[in-house]
Amino acid sequence: MAYQPNTMTQFNIKKLGAPAFSVLHDVVEIDSSFGTSCEYISSVSQMHCYLNNPILLDCYARGKDTAGRWAETLLVAYKTLGVVFGGLVTSPLYVYSSILPLKSPTIDEYFGIYSIMFWTLTLIGVVKYATIALRADDDGEGGTFALYSLLCRSMNITETLSSRPSNPKSSSLPCSIYDDTQNQTIMVKVFRKSIVARRLLLFITVLGMCMLIGDGILTPAISVRSAIDGIRGPFPSVNSSVVKVLSTAVLVILFMVQKYGTSRVSFMFSPIICAWSLSILLIGIYSIIQHYPSIFKAVSPHYVIRFFWRNGKEGWLTLGGTVLCITGSEALFADLGHFNQSSIQIAFLFAIYPCLVVTYAGQTAYLINNQNDLNAGFYSFIPSVIYWPMFVVSTLAAIVASQSLISAVFSVIKQAVQLDYFPRVKVVRTSANKEGEVYSPEVNHVLMIISVAVIFIFGDVKDMGNAYGLVVSLVMLITTILLTLVMVIIWRTPPVLVAVYFSVFFIIEGVYVSAVFTKIAEGGWIPFAISLILAFIMFGWYYGRQRKITYELTHKITLDRLGVLLSDPSIQKVPGFCFFYTNIQDGITPVLEHYVKNMKSFHQVTVFTTLRYCLIPKVAPHERIIFNKLGKLKGVYGCVIQYGYADPLEGDDLVSNVSNCLRVHIRDGSADPAEMQQELSNLEEAISCGIVHVRGKTRFHIGKSCAWYDKIMLALYVVLHSNCRSALPALGVPLPQCIEMLYCQALWKRRKLGMGIKALNRSKRSNSFQAKSFKDLILWISSLAGASGSVILTLAFQSIGVVYGDLGTSPLYVFSSTFPNGIKDKDDILGVLSLILYTVTLIPLIKYVLIVLQANDNGDGGTFALYSLLCRHAKISLTPSQQAEDSDVSNFKLEVPSRRLKLASRLKSKLESSQFAKVFLLFATLLGTSMVIGDGVLTPCISVLSAVVGIKGATSAMTEDMIVWISVAILIFLFMIQRFGTDKVGYSFAPILCVWFLFIGVIGMHNFIRYDPMVIKAINPQYIVCYFIRNKKEAWISLGGVILCITGAEALFADVGHFTVRSIQISTCAIVYPSVVLAYIGQASFLRKHADLVADTFFKSIPGPLYWPMFVVAVLASIIASQSLISATFSIIQQSLSLGCFPRVKVVHTSSKYEGQVYVPEANYILMLACVGVTLAFRTTTKIGNALGIAVVFVMTLTSAYLVLVMIMIWKTHILLIISYVLIIASVELLYLSSVLYKFDQGGYLPLAFATLMVIIMFFWNDVYRRKYYYEVEHKVSPDKFKQIADDRKICRMPGFAIFYSELVHGIPPIVNHYVANVPALHSVLVFVSIRHLPISKIPIEERLLFRRIEPIELNVFRCVARYGYTDLHNAQEPFEELLVKKLKEFVKDGCSIPQQTSNEGVCEKQEELNDGMVDKTNEFVEIQQEALMDAEVQLQAIDEAWSSGVTHLIGESEVMAAKGSGIAKRILIDYAYNFMKRNLRQREELFDIPRERMLKVGSSY
């Protein structure tokens, strides 16, 4: 008898894999037809003896106890109830409530609806999925990607370069069944020849996957919301908000338990589904008997025809609700990897299907007699006696219902990640026995957030049903298309059967899709939006990966080129075993050349490793690792590690497996025994010396000439690649063993990165005047005043267009905001005018212009300038990075308070000794900074809205929506021009505001003379007292309107870095203050005669002939008013960034003449989005004004608090003057602050909410920054330890100049240990560079670099501290590496005059010897001098040789993770928020424009 292998048995054995045999101790019964008796396998070793005998294996599998197999199958079938069928079996909760109500439905209508649902369940559920689709599994895996991989593998097509197998002839990687061209069908030829057909197949697959993920989002939302809605039956008073909150709580719990895995979840959930199914089955039977026992005659399909015949379009639209009866059916196929085919079929056919048929029959029978309850929901169908028990069971079942699609999403995401169609996310195996059970934390959290958002977006279940129906029908239609291709191409099904299948199911599902498409506007847009975003992500990732691999293939290094590289005498072999990861298997990655040129070394054994994900579920373990020798090079090998999309990555010991396979490869591939022993000996020695993993990190440089599609897709890929997980941690590779190399791929014309500051050669201007613009006029006038006067007058003119826009336009709305309910007493006008006059005088003029501007920090202002002043005069910084040499910087100006001033000394000592005071000062600084940034958001909103609202007064055609959208357009334009810089913007805006100040001053004087000149008596503060006596609380509340007269006053100090103190003082005192005061006096005089026009005081007080010119100027000035706070925001972000209190962003200096003028692109765009959001949300200026008042007063109050500390500690002001300042100015600001806080619930919460968010980001960034610094301080390498490392014989010294970057100021960073352990080689000259930002604005270039030598001299190792002020620009004059080498040579020349190894004691002893006359002083000095010069010459020569050999920049790539046991808040902030910002914002190397081709990164974990 010929042996016929059992195909299913082979699958089962292959599926179990080798590990499963460790638990087998059964008797193997060999079929008697083979004449073999029974044999007992007693041990694992004996079992492995039988693995190579397929006959014995087949008989062993077939001979298993049948009862045991059935028991196991039934147990798995029971588990499927809690995972696979939750969505399907809970569909009765919402199907009928989602059906479009018919006009006076009859019994035949209900029969038709039930008949539609019955045949939908039968045809789609039973025939399509349970019978056909489950047979199309890909070695036990299901879903759209399983079908796609089957088709691609069978036709030998793939659109992914990384998924092509290395050994297509292996048993696990079956070749195409159409390799024979004569055996190809027409369809196969079409797919092989047409890239359009292949892309269309990929698009359909991706769309199906996206829709399935959308299903996984909507299923939890609609199931839980439908169940919780049942509480409104007995309690109608429960509103929708309560239901949404309860539903959200249930969803959060559901997603939180996903981490325990499918097996545990199914055991918890299966009893619930069993109870639910049994309950609705019994209720259905009861309802059929009670209401309409003959309901099952509706099974006849003729009722479907009659239903559509009678109802026409209305009947067609009802399909949008009836399609929900089959929701969750896709999970039968998608969740196949979690279970098996037989268990799913048994559970569906014998439990779920009968239950649904009876339940829908019972619901239909009930509705025939209760037609008014069609939209009342599921609970109207339940008998009142069991209402609450069923409510509990239905709620639990609704929770379980989500599990099927959630598990399916995890499975399909894993498949997409393995096939390189989706960014890498963490995938965790949750079962040791079932490989298909996986969980993805990131995907789980995203599903949870979006599901909760869907709950709150949709008003009721019907809208959710519309979205849900669209997802369900499209997923089913896509599966039908792919199954049809499988039938034709793989199964070779007869064409007649294929035509029947396709026509039946395509027509049914196509009709369903057409029906639900009519509900796009009623909620159906949600799945399309989700799918569009997901598809965009997937195609962006796919596109970038293919371009990257294509580039590497076209630029790969040949074996000849590799031989030339390694034959270079400067390249040294270092001990160790190196895994060099590459994306290509046919050749060597171009990153290698970058590595060799920078490291000047090559490991003793190097394995070029390629991870290949194949279009199959699993790869056999013995075929996973494939080796090949790369030419005749010794110790260099190529290795391909192959995984299927269902293979786990984290279960393998990569190093052990690869080394074992390499040993086998050497033994099998070497003909010479001596050579084989030598290779094996080298391998063992390399492994004993340590393992290092090297990977290249590529960046795309996109040329300006490339297409917009390329720019968008590659930019998306860069973002995705920066945030996705690396494949190395999934393989169990520890980060400390990783070295990362940055490598640029210039796929197109290379783009220039970073403009920097360019020196502009300008010719000297002639004294003759030829004015071509207003700017030329100012420059000519200022040139007459001399050089310094020229700059001051020019900056004073520019400051008008930047600093005073907000302050100068306040007359537009102050009186109307102060008297929102009208003027009750005309004397109140004098009281308010007096308040305005004294407020404008005390705060902008006296406080800011005369006092606060003197507290600038070398020309820079703002909250951080005050904080830096305090940090410099007292040790209150939280980062212990101060150096004694900092006081030598000329701009540092460190002054110790005099001992005679006890108050200053006492305050200083208390601040320095109190940790709470240090933290509080930093927190207050960050809060003030956040408020200024919030002011920069609110000011453009209220200014632009105020201007556009003025247009409404000119034409009645303007609606509120038009005003809002015009404001949005103006805001976008305003932020778009910021990149041109303060210099150009200031010159553009200044003429407009000069005209504005001239107009309001002249009109104010005109109104003052014309209406009531007696308002001048408001100078008397008595009117303020009388105003408060008359109005009491209302007067206090009105201060919230009065304070708007000084909005933008903080910009006088915050923007001083863009200009100078004197220029702002001149423009304020000469132009701004007189014009604003005259404007308010003129308005008050006008109101004394026309008190009823207070709501529109400004425009009503304009003389008739000047109305339209003034209207145009007012609109332009209001738009310009935003500029002051935008510029202030840029300045303060730059300061906080330099002091380590803000995530790294790009700072561009926009002027070559004025260093303080900066532009921050990222901040500009975020401000723009925030302004647009606030404008669209609030839509009016009332609430924005309340919010703005809080931001303005809070910042002014905080400035006063810091100014008091400056007065005491730095200025040493007399105590009486300090008390006077507090009593007069600070008390006024506190009074205003109390008033604006009264309107907290009327929009005032906005700046506080924004500030809270910003403070959390900034404080947490600074906290992690400090913790990283403390870690490096505690683990730094001592000089003695480094000397031991350098003296180690295993450490090679290779030619080259290495710059090692670290944040550590004192000592050698701990990353050196990690670097030397992985690459036992050091460059001939090594400089450890630490970047420090001192709390001063600028540091002279000649004082920037501070060098120290690490002894002994012959090591040629130095430490360098690069010191920058918070306004200094990196690489402003010359590249950093050139400046470093030049200053290093100067240090060597200056420092070698006295030997560095001589300690202070040695110098003293030497001096004593000289003084005692023991040696000749002159000769000794000459010898020392000559020896020092010789040492200097040697070191200079070494530096020059190292420089000529090449410069390498080494950067420590740290990974910061929350410690085990940390709270969820800390884990979210560190593991996700901090690392997200770190990866997506500017990298440290970008600060110095480090050439990427000369940069290496070394990984470490904190």
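Coordinates for the structure precede this section.
Residues numbered from 1 in each chain as written. Predicted model: local features only at pLDDT ≥ 70, side-chain atom pairs only at ≥ 80, totals over all residues. Heavy atoms only, no water.

## A word on the overall build of the protein
Here's step 1: Counting its regular elements, the protein contains 55 helices and 18 strands.
Here's step 2: Long-range contacts, defined as pairs at least 24 residues apart, comprise 83% of the intrachain contacts of the protein with a sequence gap of at least 6.
Here's step 3: Of the roughly 61,900 Å² of accessible surface on the protein, a fraction of 62% belongs to carbon and sulfur atoms. (Helix = DSSP H or I, 4+ residues; strand = E, 2+ residues; numbered from the N terminus. Contact = heavy atoms within 4.5 Å. Areas by Shrake-Rupley, 256 points an atom, 1.4 Å probe, with all protein chains shown as cover.)

## Details of the side chain of Ser-1101
Here's step 1: Assignment of secondary structure puts Ser-1101 in the loop between helix H43 (1097–1100) and helix H44 (1107–1120).
Here's step 2: According to the relative accessible area criterion, Ser-1101 is buried, its value standing at 4%.
Here's step 3: Here Thr-1097 takes part through its backbone oxygen, which lies 3.0 Å from a polar atom of the side chain of Ser-1101.
Here's step 4: In this structure the side chain of Ser-1101 is engaged in a polar contact, spanning 2.8 Å, whose partner is the backbone oxygen of Phe-1098. (Buried < 20%, exposed > 50% of the residue type's maximum accessible area, 1.4 Å probe, protein only. Polar contact = N/O pair within 3.5 Å; in protein donor to acceptor, adjacent residues only side chain to side chain.)

## Notes on the state of the cysteines
Here's step 1: Within the structure shown, the criterion is met by zero disulfides.
Here's step 2: Distance from the sulfur of Cys-639, which forms no disulfide, to the nearest cysteine sulfur (Cys-661) is 7.6 Å.
Here's step 3: Among the cysteines around Cys-941, which has no disulfide bond, Cys-1171 carries the closest sulfur, lying 4.1 Å off.
Here's step 4: Of the residues examined, Cys-941 reaches a relative accessible area of 1% and is grouped as buried. (Disulfide = S-S within 2.5 Å.)

## Brief notes about the pairing of strand S14 (residues 1321–1333)
Here's step 1: Judged by how many residues are buried, S14 sits mostly within the fold: 11 of 13 residues are covered.
Here's step 2: Bridge count for strand S13 (residues 1292–1302) against S14 is nine bridges, and the pairing is parallel. Bridging from a neighbouring strand, Ala-1298 pairs with Leu-1326 of S14.
Here's step 3: Once the chain exits S13 it traverses helix H51 (residues 1311–1318) before rejoining the sheet at S14, and the crossover so formed is right-handed. (Pairing = 2+ DSSP bridges. Right-handed = clockwise from strand over helix to strand, strands pointing away.)

## Structural notes on the nonpolar core
Proteins that are soluble and globular tend to have nonpolar side chains buried together.
Here's step 1: By size, the foremost hydrophobic cluster in this structure holds 162 residues, and its most contacted members are Phe-85 and Ile-413.
Here's step 2: With near-sequence residues (within four places) excluded, Ile-413 lies in contact with Met-209, Ile-213, Phe-422, Val-425 and Val-443.
Here's step 3: Counting residues in hydrophobic clusters, the runner-up holds 156 residues, among them Val-849, Leu-853, Phe-864 and Ala-1054. (Core = buried A, V, L, I, M, F, W, Y, C linked by side-chain atoms within 4.5 Å.)

## With respect to the packing of helix H40 (residues 1033–1042) against helix H48 (residues 1215–1236)
Here's step 1: Two elements in contact, H40 and H48, have axes separated by 8 Å at closest approach and are oriented at 100°. With respect to each other, H40 and H48 are oriented roughly perpendicular. In contact with Trp-1036, Ile-1037, Leu-1039, Gly-1040 and Val-1042 of H40, H48 contributes Leu-1231, Tyr-1232, Ser-1234, Ser-1235 and Val-1236. (Axes fitted to C-alpha atoms, helices over the stretch in contact; angles between N-to-C directions. Parallel < 35°, antiparallel > 145°, perpendicular 65-115°, else oblique.)

## Here's the deal with the side chain of Glu-1229
Here's step 1: Looking at the element boundaries, Glu-1229 is found in helix H48.
Here's step 2: Look past the residues within four positions of Glu-1229 in its chain and what remains in contact with it is Ile-843, Lys-847, Val-1193, Met-1196, Thr-1197 and Ser-1200.

## Digging into unusual backbone geometry
Here's step 1: Non-glycine residue Lys-1032 carries a positive phi angle of around 50°.
Here's step 2: As for its placement among the helices and strands, Lys-1032 is situated in the loop between helix H39 (1022–1031) and H40.

## Some details on the environment of Asn-1318
Here's step 1: Along the chain, the position of Asn-1318 falls in helix H51.
Here's step 2: Separated by 629 residues in sequence, Asn-1318 and Cys-689 place their C-alpha atoms 9.1 Å apart.

## Some details on helix H26 (residues 673–689)
Here's step 1: Across its 17 residues, H26 extends 24 Å between first and last C-alpha, which sits within 8% of the 24 Å expected from 1.5 Å per residue.
Here's step 2: Contact partners of the buried residues in H26: strand S5 (572–582), strand S6 (601–614), strand S7 (625–629), strand S8 (636–644) and helix H25 (654–669).
Here's step 3: Between the side-chain oxygen of the N-cap and the backbone nitrogen of Ala-674 there are 3.2 Å, and the N-cap of H26 in question is Asp-672.
Here's step 4: Within two residues after H26, Gly-690 carries a phi angle of roughly 125°, on the positive side. (Expected span 1.5 Å × (residues − 1).)

## Topic: the packing of aromatic side chains
Here's step 1: This model, assessed by the stated rule, comprises 27 aromatic pairs.
Here's step 2: The interplanar angle of 25° and the centroid separation of 6.4 Å between the aromatic rings of Phe-203 and Phe-539 together place this pair among those described as stacked. In this pair, Phe-203 sits in helix H10 (residues 195–228) while Phe-539 sits in helix H22 (residues 520–554), placing the two residues 336 residues apart along the sequence.
Here's step 3: Given a relative accessible area of 42%, Phe-203 falls into the partly exposed group. (Phe/Tyr/Trp six-rings, centres within 6.5 Å; stacked < 30°, edge-to-face > 60°.)

## Points about a nonpolar patch on the surface
Here's step 1: Taken together, the side chains of Ile-1215, Leu-1216, Ile-1219, Leu-1223 and Ile-1224 make up a nonpolar region of the molecular surface, amounting to roughly 480 Å² of accessible area.
Here's step 2: Here Ile-1224 lies in helix H48.
Here's step 3: Given a relative accessible area of 46%, Ile-1224 falls into the partly exposed group. (Patch = residues over 30% accessible without salt bridge, like charges linked within 9 Å, V, L, I, M, F, W, Y side chains within 5 Å. Salt bridge = Lys/Arg side-chain N within 4 Å of Asp/Glu carboxyl O.)

## Some points on the environment of Val-1042
Here's step 1: By secondary structure assignment, the location of Val-1042 is in helix H40.
Here's step 2: Val-1042 sits 226 residues away from Ser-816 along the chain, and the two C-alpha atoms are 9.8 Å apart.
Here's step 3: Apart from the residues lying within four places of it in its own chain, the contact partners of Val-1042 are Val-814, Thr-818, Val-832, Leu-835, Ile-836, Thr-839 and Tyr-1232.

## What to know about the packing of H10 against helix H11 (residues 240–256)
Here's step 1: In the contact formed by H10 and H11, the axes pass within 9 Å of each other and the chain directions differ by 130°. Regarding the angle of H10 to H11, the classification is oblique. Between H10 and H11 lies a crossing whose hand is right-handed. Contact with H10, carried on its side by Pro-220, Ala-221, Val-224, Arg-225 and Ile-228, involves Ser-240, Val-243, Lys-244, Leu-246, Ser-247, Val-250, Leu-251, Leu-254 and Phe-255 of H11 and no other residues of that element. (Left-handed = near helix turned anticlockwise from the far one by under 90°.)

## Regarding helix H19 (residues 441–457)
Here's step 1: A rise of 1.5 Å per residue sets the reference length of H19, with its 17 residues, at 24 Å; its end C-alpha atoms lie 24 Å apart and thus fit the reference within 8%.
Here's step 2: Within the sequence span of H19, burial applies to Pro-441, Glu-442, Val-443, Asn-444, Leu-447, Met-448, Ser-451, Val-452, Val-454 and Ile-455.

## Quick notes on the environment of Thr-1199
Here's step 1: Tracing the chain through its elements places Thr-1199 in helix H47 (residues 1181–1211).
Here's step 2: In this structure the C-alpha to C-alpha distance between Thr-1199 and Thr-863, which are 336 residues apart in sequence, comes to 6.7 Å.
Here's step 3: Not counting the four nearest positions on each side in its chain, Thr-1199 is found in contact with Lys-847, Tyr-848, Val-852, Leu-866 and Glu-1050.
Here's step 4: One polar contact links the side chain of Thr-1199 to the main-chain carbonyl oxygen of Val-1195, over a distance of 2.9 Å.

## As for the pattern of salt bridges
Here's step 1: Under the definition given, this model contains 14 salt bridges.
Here's step 2: In this structure, Lys-128 and Glu-509 form a salt bridge, with 2.7 Å as the shortest nitrogen-oxygen distance. Of this pair, Lys-128 sits in helix H7 (residues 107–132) while Glu-509 is found in helix H21 (residues 495–516), placing the two residues 381 residues apart along the sequence.
Here's step 3: Given the relative accessible area of 0%, Lys-128 is considered buried.
Here's step 4: Using a relative accessible area of 0% as the deciding quantity, one classes Glu-509 as buried.
Here's step 5: Salt bridges here are not isolated pairs; linked through shared partners, they connect Asp-108, Glu-109, Arg-306 and Arg-310.

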